[in-house]
Structures are given as C-alpha cells and as structure tokens.
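So you can see what is in the structure, the chains are spelled out below.
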Amino acid sequence: MDINYELYKIFYITAKTGSMSNAAKELFTSQPAVSQSIKLLESKLGGKLFHRVAQGVSLTFEGNLLFQYVEQVYESLQAAERKFSELRNLTTGQLRIAVSSTACSSFFMQYLETYSLTYPNIEIFIKDQSTHTTMRQLESGEVDIGIINFNGSKDSLSIVGKIEIQDCFIVNERYHELCDKQVPLKNLVENYPIILMQKGLNTRNYIDNFFNLHDLKVLPKAELSTMELLIEFAKKGLGVSCVIKDFVHKELEQQQLFEVLIQEKIPKRFLSVAVKKDFPLSSAAQKFIDLIKTSHLL
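Residues numbered from 1 in each chain as written. Predicted model: local features only at pLDDT ≥ 70, side-chain atom pairs only at ≥ 80, totals over all residues. Heavy atoms only, no water.

Trainee: Whenever I open this one, the pairing of strand 5 (residues 145-148) confuses me. Can you help?
Mentor: Side chains on a regular strand alternate between the two faces of the sheet. Burial along strand 5 is two-sided: the face carrying Ile 145 and Ile 147 and the face carrying Gly 146 and Ile 148 are both buried. Across three bridges, strand 3 (residues 94-99) lies against strand 5 in parallel orientation. Residue Val 99 lies in a different strand from strand 5, and its bridge partner there is Ile 147. Relative to strand 12 (residues 269-276), strand 5 runs antiparallel, the two being bridged by three bridges. Within the sheet, the bridge partner assigned to Gly 146 lies in strand 12 and is Ala 274. (Buried < 20%, exposed > 50% of the residue type's maximum accessible area, 1.4 Å probe, protein only. Helix = DSSP H or I, 4+ residues; strand = E, 2+ residues; numbered from the N terminus. Pairing = 2+ DSSP bridges.)

Here it is, written out as structure tokens:
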C-alpha cells in the first residue's frame, strides 16, 4: 500500500493535538486541508480513524492502534533528523584514522591535537598499523582515512592528498665534524657506523634503494624497529641514524642533534592520504581533511 508519509504526519499531529484546528496551526496549513488529508488517509486504509467530539477529535479503536505504530516511526524519524543534524554540525560523531608509525610523528600529531580542540565532541580513534592492513580496512569501511606508504593507484581507493617527508642523516656532538661541510655519501657509509630501520619496512626499503642508486652496499651497525630508537641511538653517539627530518625538528633546533649534509641529496618522498573510492565521507572525516589542506600539509 503506497501512502504518502505526509498523510501519516498529519494524522499523528492531529491525534497528538486532539483537534484538526490545532493540527492546522502546528502544520502551518488550513483546517479544511487537514480534514481533507485525514479523509484521504481513511479512504486509503479503508476505515475510520477519528470520532468527532465537542473538544475536537478522538481516536477510534482502529485509529488508536495505528497511532501506536505511527508514533514510534515518527519519533524515530525525528530522532534520526536530530542525530543527522548533530553529525553535520559536529556536535557528535567519530573519526577513524589508520596511520603508519612513519606518519604518526610530531608534524602529524599537531593536526590531530588541533582537530580535537576544534571539535571536542568528536571521538577520535587512531590505529597504528601497516599500509597493507590500512588499505584493507579502508576497503571494508572499518576506517575513514588512511595515511599510507603508497604512491600507486588502486581502483577501490581515492588518494585525496599527499604528505611530503624528507629523510636525513643525524648525529650528536661526537660526530660534529661531519656537519662542517657536505660529505660524500660513500665516505659516510664506509667510515662511520650507520643505523637504519629494520629490513622490510617502507622507510628502510626507500633508503636501501637510494644506496643502490649510488652503487653502495651498506652493512648497518644497528637495525631498529622504530624511529624513536633511531633518534635515541644518535643521541647516545652510537652512530649516524637515518630518520625522517620532521621527527627531529625540535632536537635539531635545540642542537641536541645535527644533520649531516651529504652531497647526494636524498629525494623527498610522500605518504598518501587515502579514502574509500565513491564512498561519502562523514562530516567529521571531511573536516579533518579540510584542516590539513588549509594548513598546507596536503
């Protein structure tokens, strides 16, 4: 049975207010228009919905039964509209981001902090995981935004932006002589202890390709699992660590660490900001992307 929702709304308001004139005022229409709508609904349903009484109208037995169901639906729709409005206005909602350890550095955390302060009612969920896992969870809808080590193309994903990152070599005061002038890469890797990320990680693969490009075979003194460990090893004077420059911005400014300027500059690389293709973003997710775009990160 195809009945216009508006007829049920008029029925509901009439039953709640107890008269067609009161319903007309609430609906910003005329009493005859309400009366006509009630008659049309009764005709479609095949039964009488109201008794006329001195004060207005009262529900028939059938009308009261119908009202119990319509009331649940109408109030659920009202609640849904309120919730939708809250989500649009960011007074509630959630943001789900998956990000690799590489991206979860100080330069990225500041945007999370700004977002959290700007939209304090949005719940933020962060997953630190591999690019492969993040891509799978984007496809399944388990996360809204993924920050991934991926510069190709995939039919199921859209790349909405790229985050530029720069690798560099760092040392502490013990190897300060390396910072007085540009150093040939060959001289650096053959004469100083080199500390790198573990094999198999995207950051390690990238720097290995850089070494191979210059026909250099490097045997690291240490291979570590996190960028934080690379930084700590450099701080202790245990060797020359290859890190992402944004991770050590504060240490370089405060001269706790020093950048080794090599003659063969390491090319910049990019992290991709990915979302599920042809899938509408929530307001919360769109605002996060807008934030980092306006901050010139993307």
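Trainee: Even after reading the chapter, I still don't get a nonpolar patch on the surface, so can you show me in this structure?
Mentor: A contiguous nonpolar patch, built from Tyr 5, Val 73 and Leu 77 and spanning about 260 Å² of accessible area, is present on the exposed surface. Counting through the fold element by element, Tyr 5 comes out in helix 1 (residues 5-17). (Patch = residues over 30% accessible without salt bridge, like charges linked within 9 Å, V, L, I, M, F, W, Y side chains within 5 Å. Areas by Shrake-Rupley, 256 points an atom, 1.4 Å probe, with all protein chains shown as cover. Salt bridge = Lys/Arg side-chain N within 4 Å of Asp/Glu carboxyl O.)

Trainee: Explain the packing of aromatic side chains here, please?
Mentor: The geometry of two aromatic rings is summed up by the distance between their centres and the angle between their planes. This structure, assessed with the given rule, holds nine aromatic pairs. When the ring of Tyr 12 is compared with that of Phe 67, the centres are 5.7 Å apart and the planes differ by 10°; the resulting orientation is stacked. Residue Tyr 12 is found in helix 1, and its partner Phe 67 is found in helix 4 (residues 61-88); the two are separated by 55 residues along the sequence. Stacked on the ring of Tyr 206, the Lys or Arg Arg 269 has its end atom at 5.2 Å from the ring centre. The ring of Phe 279 carries the charged tip of Lys 276 above its face, separated from the ring centre by 5.0 Å. (Phe/Tyr/Trp six-rings, centres within 6.5 Å; stacked < 30°, edge-to-face > 60°. Lys NZ or Arg CZ within 6 Å of the ring centre and 35° of its normal.)

Trainee: Explain helix 2 (residues 20-27) to me, please; I cannot follow it from the model alone.
Mentor: Since the α-helix advances by 3.6 residues per turn, residues separated by three or four positions end up pointing in the same direction. All of the buried residues in helix 2 are Met 20, Ala 23, Ala 24 and Leu 27. The buried residues of helix 2 occupy an angular sector of 100° when projected down its axis, which confines them to one face. Summarising the contacts, the buried residues of helix 2 are in contact with helix 1, helix 3 (31-45), strand 1 (50-53) and strand 2 (56-59). Where helix 2 terminates, the next one or two residues include Phe 28, which has phi positive at roughly 55°. (Arc of directions from axis to C-beta. Contact = heavy atoms within 4.5 Å.)

Trainee: Help me understand the pairing of strand 3 in this model?
Mentor: Pairing of strand 3 with strand 4 (residues 123-128) involves six bridges; the strand directions are parallel. By the bridge assignment for strand 4, Ile 97 is matched with Ile 126.

Trainee: Can you walk me through the sheet that holds strand 4 in this structure?
Mentor: Strand pairing in a sheet takes place through backbone hydrogen bonds and is either antiparallel or parallel in direction. The mixed open sheet is built from five strands, whose spatial order is 4-3-5-12-6. Strands with a single pairing partner mark the edges of an open sheet, and in this sheet they are strand 4 and strand 6 (157-165). Adjacent strand axes in the sheet meet at a mean angle of 20° when their direction is disregarded. Sheet strands touched by helix 11 (residues 283-294): strand 3, strand 5, strand 6 and strand 12. Its angle to strand 3, the strand with the most contacts, is close to 55°. (Axes fitted to C-alpha atoms, helices over the stretch in contact; angles between N-to-C directions.)

Trainee: Explain unusual backbone geometry here, please?
Mentor: With the exception of glycine, the majority of residues adopt a negative phi angle, and the majority of peptide bonds are in the trans configuration. You will see that Asp 215, though not glycine, has its phi angle at about 55°, which is positive. Among the structural elements, Asp 215 can be located in the loop between helix 8 (202-213) and strand 9 (222-224). Relative accessible area serves as the criterion here: at 71%, Asp 215 is assigned to the exposed category. You will see that Gln 255, though not glycine, has its phi angle at about 60°, which is positive. Looking at the secondary structure, you find Gln 255 in the loop between helix 10 (249-253) and strand 11 (258-260).

Trainee: So what exactly am I meant to see when it comes to the packing of helix 1 against helix 2 here?
Mentor: Packed helices, taken two at a time, are described by the angle between their axes plus the distance between the axes. Closest axis-to-axis distance for the helix 1/helix 2 pair is 8 Å, and the angle between their directions is 120°. On the basis of the axis angle, helix 1 is oblique to helix 2. The hand of the helix 1/helix 2 crossing is right-handed. Within the contact between the two elements, helix 1 uses Lys 9, Ile 10, Ile 13, Thr 14 and Thr 17 and helix 2 uses Met 20, Asn 22, Ala 23, Glu 26 and Leu 27. (Parallel < 35°, antiparallel > 145°, perpendicular 65-115°, else oblique. Left-handed = near helix turned anticlockwise from the far one by under 90°.)

Function cannot be read off these values alone, since they describe shape.
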